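Residue-level structure breakdown
Below are the chains, spelled out letter by letter.
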Amino acid sequence: MACPEIELPVCVEVPIRGKRAQEDVGEHLTDSPSTNMHVSLPPIWKGIEEQLLDHLENVGSLPIHDYRRQQRYVDREPDISHLVKTAILPPVYELAVERDEKTGALLDFTEKERLNPGGSAINSMSMLRAPDPESALKGSSRNFPFWPGGLDIPLEELTAEKTDDCTENYKQIAPGLSRGLEIEMPSSPPNPLEMKVTDLYVDDALFNFDSSSDEEEEDVTKSTEKLPSEPIAADEDEIIETLTKTANIIVLPDTVAVKAEPKDTEFAVRLSVTEPIEDFDERVPEMAYKWPFELDVFQKQAVLCLENHENVFVAAHTSAGKTVVAEYAIALCRKHMTRAIYTSPIKALSNQKFRDFKQTFEEVGLITGDIQLNTEASCLIMTTEILRSLLYGGSDVIRDVEWVIFDEVHYINDAERGVVWEEVIIMLPEHVNIILLSATVPNYMDFADWVGRTRKRKVKVISTLKRPTPLEHYLYTGNSSKTSDELFLLVDSESKLKELGYKKAMAAKKARASSHSQTTGAKGLRSFGHSSADKNVLLSVIEMLRKKDKLPAVVFTFSKKRIEENSHHLTSVDLTSSSEKSSIHVFIKKSIDRLKGTDKDLPQVKYIADLLKRGIGIHHSGVLPILKEIVELLFQKGLLKVLFATETFAMGVNMPARTVVFDSTRKHDGTGFRDLKPAEYIQMAGRAGRRGLDATGTVIILCKGDVPELSDLNRMMLGKLTTLESRFRLTYTMMLNLLRVEKLRVQDMLKRSFSEFASRKSEGKDRDSLHDLRKKVMSLKEIDCFYCSKDLQAYCKTMKSYHELSTNFHAKIVTHPQCVKYLSTGRVVTLKAADILALAVTLTSCTRGSRTYKCLVLTDHCPAWWKTALKASELTPADKNRSIYMTTSHIVLEVEPTQICTITTSRINIATPEKIVDNYEKRQIPRFKDDPPSQSTLQLVAELSGLDTSALEAVNPVKQFGLRDIDTVERFGEIEMLSTRLSSFQCCQCSNFKEHFESVNADLALREELESVKFKLSEASLMLLPEYKERLKVLDELQYIDRNDNVMLKGKVACEIKQHELMVTELIFQNIMEDMHYTEIAALLSCVVFEQKNCSKPNLSPSLQKGVDRINHLAHALASVQKAHIQDFAADAYESEFKFGLVEVVFEWARGMPFNEIIQLTDVQEGIIVRCIQRLDELLRDVKDAARIIGNPVLGRKMEDASTAIKRDIVFAASLYTS
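All of these numbers come straight from a predicted model, not from anything done at the bench.

**Structural notes on the overall build of the protein chain**
Assigned secondary structure in the protein chain consists of 43 helices and 25 strands. Across the 1219 residues in the protein chain, those meeting the buried criterion constitute 45%. Contacts in the protein chain between residues far apart in sequence, at least 24 positions, make up 74% of those at least 6 positions apart. Surface accessibility of the protein chain: about 65,900 Å² in total, with carbon and sulfur atoms responsible for 51%.

**Things to note about the confidence of the model for the protein chain**
Summing up the model confidence of the protein chain, the mean pLDDT is 81 and the portion of residues at 70 or higher is 83%. Long-range and interchain partners of residues 515-529, a stretch whose pLDDT sits below 50, account for 26 contacts in this model, where long-range means more than four residues apart.

**Let's talk about a nonpolar patch on the surface**
Nonpolar side chains collect at one region of the surface, where L52, L56, I80, L83 and V84 lie side by side and expose about 490 Å² of accessible area between them. Locating L52 in the fold gives a position in helix α2 (residues 48-57). Overall, the relative accessible area of 52% leaves L52 in the exposed class.

**Here's the deal with the pairing of strand β1 (residues 93-99)**
Two elements, β1 and strand β2 (residues 106-113), share seven bridges in a ladder whose sense is antiparallel. Residue E94 lies in a different strand from β2, and its bridge partner there is K112. Linking two consecutive strands that pair antiparallel, namely β1 and β2, is a turn of six residues; a positive phi of about 80 degrees is found at G104 within it.

**Description of the packing of helix α12 (residues 418-427) against helix α13 (residues 444-455)**
The interhelical angle for the contact between α12 and α13, taken along N-to-C directions, is 40 degrees, at an axis separation of 9 Å. On the basis of the axis angle, α12 is oblique to α13. Within the contact between the two elements, α12 uses E422, I425 and I426 and α13 uses F447, W450, V451, T454 and R455. Taken together, the residues of the contact of α12 with α13 break down into five nonpolar, one polar and two charged.

**Considering the sheet that holds strand β14 (residues 553-556)**
Strand pairing in a sheet relies on backbone hydrogen bonds, with the paired strands running either antiparallel or parallel. If you trace the seven strands from one edge of the open sheet to the other, you get β13-β12-β20-β17-β14-β16-β15, paired in mixed fashion. Of all the strands in the sheet, just β13 (487-491) and β15 (616-619) have a single pairing partner and so form its edges. Between one strand and the next, the sheet's axes are offset by a mean angle of 25 degrees, whatever the strand orientation. Across four bridges, β15 lies against strand β16 (residues 642-645) in parallel orientation. Pairing of I618 across the sheet is with F644, part of β16. On the sheet, helix α19 (residues 625-636) packs against β14, β15 and β16 and is oriented at approximately 130 degrees with respect to β15. Here helix α21 (residues 710-718) sits on the sheet in contact with β12 (471-476), β13 and β20 (697-702), set at roughly 60 degrees to β13.

**Some details on the sheet that holds strand β11 (residues 459-463)**
With respect to topology, nine strands assemble into an open sheet ordered β3-β11-β4-β10-β9-β5-β8-β6-β7, the strand pairing being mixed. Pairing within the sheet leaves two strands with one partner each, and these edge strands are β3 (268-270) and β7 (372-373). Relative to β11, β3 runs parallel, the two being bridged by three bridges. In the strand pairing of β11, R270 is matched with V461. Here helix α9 (residues 323-336) sits on the sheet in contact with β4 (311-315), β5 (339-344), β8 (379-383), β9 (401-406) and β10 (433-438), set at roughly 170 degrees to β9.

**Overview of the packing of helix α37 (residues 1078-1089) against helix α42 (residues 1166-1190)**
How two helices pack is summed up by the angle between their axes together with the distance between the axes. One way to put it is that α37 packs onto α42 with a least axis distance of 9 Å and a crossing angle of 110 degrees. One element, α37, and the other, α42, form an angle in the roughly perpendicular class. Across the interface between the two elements, A1082, L1085, S1086, V1088 and V1089 of α37 pack against C1172, R1175, L1176, L1179, L1180 and V1183 of α42. Split into classes, the residues belonging to the contact of α37 with α42 amount to nine nonpolar, one polar and one charged.

**Looking at the packing of aromatic side chains**
Within the structure shown, the criterion is met by 24 aromatic pairs. When the centroid spacing of 6.1 Å and the interplanar angle of 35 degrees are considered together, the rings of F556 and F662 count as tilted. With F556 in strand β14 and F662 in strand β17 (residues 659-662), this residue pair connects regions lying 106 residues apart in the sequence. For F556, a relative accessible area of 0% gives the class buried. According to the relative accessible area criterion, F662 is buried, its value standing at 0%. Ring geometry for Y795 against F993: centres 5.3 Å apart, planes inclined by 80 degrees, an arrangement best described as edge-to-face.

**What to know about helix α36 (residues 1061-1069)**
The buried count for α36 comes to eight of nine residues, which makes it a mostly enclosed element. Once α36 ends, the next one or two residues include N1071, with phi positive near 55 degrees.

**Re the pattern of salt bridges**
Two side chains of opposite charge can pair, provided their charged atoms sit close to one another. Counting across every chain of the model gives 48 salt bridges. Of the charged contacts in the structure, one is a salt bridge between K456 and D152, with a shortest N-O distance of 2.7 Å. On the criterion of sequence distance, the pair formed by K456 in the loop between α13 and β11 and D152 in the loop between β2 and α3 (155-158) is long-range, its members being 304 residues apart. You can call K456 partly exposed: its relative accessible area is 28%. The exposure class assigned to D152 is exposed, which follows from its relative accessible area of 60%. For E416, the salt bridge identified is with R729, shortest N-O distance 4.0 Å. Residue E416 is located in the loop between β9 and α12, and its partner R729 is located in the loop between α21 and α22 (732-739); the two are separated by 313 residues in the primary sequence.

**Thoughts on unusual backbone geometry**
The linkage connecting L551 with the following residue, P552, adopts the cis geometry, with an omega of 5 degrees. Backbone geometry at D549 places phi at a positive 55 degrees, although glycine is not the residue there. Tracing the chain through its elements places D549 in the loop between α15 (531-547) and β14. Of the residues examined, D549 reaches a relative accessible area of 52% and is grouped as exposed. In this structure, D1209 takes a positive phi of about 55 degrees despite not being glycine.

**Focus: the side chain of N919**
With respect to the helices and strands, N919 occurs in helix α29 (residues 913-923). With relative accessibility at 15%, the residue N919 sits in the buried group. One polar contact links the side chain of N919 to the main-chain amide nitrogen of S934, over a distance of 3.2 Å. Filtering out sequence-adjacent residues up to four positions away, N919 remains in contact with P933, S934 and T937.

**Points about the side chain of H473**
As for its position among the elements, H473 is in strand β12. When neighbours within four sequence positions are excluded, H473 is seen to be in contact with F488, L489, L490, V491, Y681, A685, V699 and M717.

**Points about the nonpolar core**
Counting residues in each nonpolar core, the largest one holds 218 residues, and the members touching the most others are F406, F447, F662, F1155 and V1183. Ignoring anything within four residues of it in the chain, the contact list for F662 reads F556, F558, L676, Y681, M684, A685, V699, I700, I701 and L702.

**Some thoughts on the pairing of β20**
For β20, the buried fraction is high: six of the six residues fall into the buried class. Where β12 lies against β20, six bridges are found, and the strand directions are parallel. Paired with E472 across the strands is T698, a residue of β20. Two elements, β17 and β20, share four bridges in a ladder whose sense is parallel. Looking across to β20, one finds that T659 is bridged to T698.

**Focus: the environment of L271**
For L271, the position within the fold is in the loop between β3 and α7 (280-283). Along the backbone, L271 and K460 are 189 residues apart, and their C-alpha atoms lie at a distance of 6.7 Å. Look past the residues within four positions of L271 in its chain and what remains in contact with it is Q301, C305, K460, V461 and I462.

**Looking at the environment of L724**
Mapped onto the elements of the fold, L724 is located in the loop between α21 and α22. Taking the C-alpha atoms as reference points, L724 and F447, separated by 277 residues in sequence, lie 7.2 Å from one another. In this structure L724 touches V409, H410, I412, N413, V441, N443, F447 and F754, once residues within four positions along its chain are discounted.

**Some remarks on the state of the cysteines**
All told, the structure shown has zero disulfides when counted by the stated rule. Looking at C788, it has no disulfide partner, and the nearest cysteine sulfur is the one in C990, 3.7 Å off. Residue class for C788 comes out buried when judged on its relative accessible area of 5%.

**Focus: helix α33 (residues 993-1017)**
A rise of 1.5 Å per residue sets the reference length of α33, with its 25 residues, at 36 Å; its end C-alpha atoms lie 36 Å apart and thus fit the reference within 8%. If you check which residues of α33 are buried, you get F993, H996, F997, V1000, D1003, L1004, L1006, L1010, V1013 and L1017. Tucked inside the fold, the buried residues of α33 contact α24 (757-760), α25 (763-778) and α26 (788-813).

What counts and what doesn't
- Residues numbered from 1 in each chain as written.
- Predicted model: local features only at pLDDT ≥ 70, side-chain atom pairs only at ≥ 80, totals over all residues.
- Heavy atoms only, no water.
- Helix = DSSP H or I, 4+ residues; strand = E, 2+ residues; numbered from the N terminus.
- Buried < 20%, exposed > 50% of the residue type's maximum accessible area, 1.4 Å probe, protein only.
- Contact = heavy atoms within 4.5 Å.
- Areas by Shrake-Rupley, 256 points an atom, 1.4 Å probe, with all protein chains shown as cover.
- pLDDT = per-residue confidence, 0-100.
- Patch = residues over 30% accessible without salt bridge, like charges linked within 9 Å, V, L, I, M, F, W, Y side chains within 5 Å.
- Salt bridge = Lys/Arg side-chain N within 4 Å of Asp/Glu carboxyl O.
- Pairing = 2+ DSSP bridges.
- Axes fitted to C-alpha atoms, helices over the stretch in contact; angles between N-to-C directions.
- Parallel < 35°, antiparallel > 145°, perpendicular 65-115°, else oblique.
- Nonpolar A, V, L, I, M, F, W, Y, C, P; charged D, E, K, R; others polar.
- Phe/Tyr/Trp six-rings, centres within 6.5 Å; stacked < 30°, edge-to-face > 60°.
- Polar contact = N/O pair within 3.5 Å; in protein donor to acceptor, adjacent residues only side chain to side chain.
- Core = buried A, V, L, I, M, F, W, Y, C linked by side-chain atoms within 4.5 Å.
- Disulfide = S-S within 2.5 Å.
- Expected span 1.5 Å × (residues − 1).

Structure, rendered in structure tokens:
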């Protein structure tokens, strides 16, 4: 009986792993009794569909919702419908309010289409984009900046037109592929902003839409019937002129304010300050702010410009009252309910200005790296670096800004930070007005012109003619109480040099000279470093100032160490009264009470407090910030009589004194000692003279050693001031911030920089020239010649190369010592001018200035013709068979070595060359003009004219002079090759070769001029473009950008870092800080912000030393990458920028060690330590933001812990200016 087939209805597939297992199963199924039986195992796993459904319906089962990993667990109800919800689209239309122009009364509402409806901070640069509440203040690295003013706005930013078909923006080829998807592009609709001139040539009645009567419609019909049916045969210029007179047609949308570029070539307009403004009160009847004193003319001019919303550049002398302009701009913003931003070059000046403006205006805010006070105020004070960060981050604060005030604009000359000023001026949006405040500089008009061209708005320039308080400059040679009256006037209040005073100072020095006088060098360096001599000079000059009532005084000293020494010399000096001592004591105690614990008893605190009570202060970067503020505030109150300070005290701080004393006129600039520049001297001397209190300011130069040279003093006091120069340079931060925004290009930033101003100033003329040259080139005709049509152009190009190479080579050879020796008397040479080749012989040589030779030349032309013809280097065709023009007429001509055409191997013996020259010069006198030449002259002419010119052989410089330089030998070989090649061209066989050559050469010159103008107008002419391309290669290799210059994750992180972005970013991505404690991370990162070169070596733990080694290795790797791509990159200098002198100090500070113990670990001064830790806190917060971007919460918490650990006690004591 046959067994029935059994079919199993349930089928579950079981995964069978391994090839052998599959074979076994196959054999088993083959040997089964029935091949129709379907064998499978019972279900034990869920299918993928069931697993996915479980994840969607049970969201709480995901690992991220595991309550055991959280501090607290909040149960949530899963809602699958949330997965299908989309964001609400922004409205396309909005209601616009119509108001009466006179009364402001509400008239109606009009529905208008919104410009850029979907714009946000992450996709739009328009001012109409939606605000970003999360980063409203400082912006964010993911935000787009607002569109820079003066930069042409793309059409899509101007128009509200929208199209459903966006295929024109699609990219058809994917990166890395040679071909892609072909998309059929639809024909673009006509641009509503473009209109033909002939389309507009209609009668005015066609545009009268106001009336609707039948008669008027009839008139319109009649007017249209009168229009010609054929095209109007009129000149286009006439049509345009007719249109401008008859029709007022608005082509652009009325919501876009398009400003026409000024037609004038100059964007800087100088305003007069010599004539008073009689109608000032009528022009400004209600001033936004009034002062208790009468404004100067330059201040009134500035106020008028501000009222007209014009950009202003005020270049005024020190203490002239530039701050009045800033105050009025702030008052205007309060009146207009807008904002003003006041920028300063340094943080300390920001704090001081905050206090000063706070006394004048109630609403004043301050934004620094670690402080944000009253950020909603109408006036915000910040450094230029902070403003640059706001601009790149697209901060919404910029929306409300009406004025940006740049104080101390001459700080743009700073090599390190000057680039920030240019970036900010370029990046400011169009609606922002600019006020530039600067000391007097020679080229302020050029700088204002650059600002105007960059912003495409004129800048009104106002400058003062003289100081309100004139200065008198003295030399002081005294060194004791007996000689304290040795004060000699050198420059009077009218800036006239008094040489008599200098002679008296020299005489006083000589009269007191003795055998033990110190003589170690000139320029005032003698006796430096001898404390006893310095002490006597200081005591005598202070005593003299006190007797003559010339206190308070600022003593500028260019060394922190010398300031400390000078203050120690005055332990016996007391300049304050008992009441002043009491006021000083109360103020110091009130200020010091802010400190905690042992910080009140720091050695520097006690030492400076003792100095201050005696009326003496010190001010330099090594002083604790709170102590510097105490010194500044006491000096402003007039309680300090003598202040020893470095030159940073003179920067922008409104703290004038009666007298300024220079401890020396020489300073060390990082590379060596040099004299003070006129701008530096004037900046510091300008602190002398208090307006309204002193008739004149007194400036004294101490002659501790020798009296400086009079020429040096004259150059320093009355010399030309330093011009404003561009310090623009490429930085990785700037490049990455611009590359991340598709519509901004780094090339545009380079093109608009001050460094390119000179070359881009004539851009308008160059474009006109380009247009004319193109017309001329289009009209050129080819040569109709059988021979010349083949290769005449190639011949001209080869001839030009030959001419340039031979000219440069000849200029180098004739100055070679061997050639100079070879060109002795009697050497036969040839001179070439125009088409004349003349024979000559050298007579004498002269070495006055540059070397020249007097030659006897056989020619019929006069010397004047030769001098003119030799200077004109016209390109003529080469002709080896050209014969030398022979004649018995001669002249004696003085020629330069480069004007000699050929040096031959022939030489003529001349016994008395000087007599030949004298005889010729005698015959040039009219009285002896008819005298015959001398016998020696006739003999030389006969011998020279009798030479066989065909036998003359040109000297071979390589062989004759023994030249072995590879470049010289190769250059000579190239010239010989071109010379041989020139004779092989077929065009040389043409009978009209010379005429055709001149014609084609002129055509080529025209084409070259066209290419030169095109190159000048192109981006290829940018000076920094090669470096930009090199730095792009660095970023590409380090994977900050991809091959298409798109910013990658590392690049986005680098945008968050303000200093040494490459190093810090690599530390993050290489996880060097991952396994470290936060105290160690803070200590190692101090190498990025610490700048002092020389200090004691820190004592590091093995872990810290390992971190230092890894950073040094990373610095070497980064330097190698940059050196491989960037030409002239200083790799050693880059590696030395990371200094580890404060690693131990910061490590112990983060661990909680008190500051009085910290200062025992190093010889770095207290103020520098505090400044380093404050900058470190800013860096830690940058790294924290970077950790948020890459999604590393562990690193972010470490940065937050490190910032909390170092942010304590005296290092972060509140500023006296802000509290």
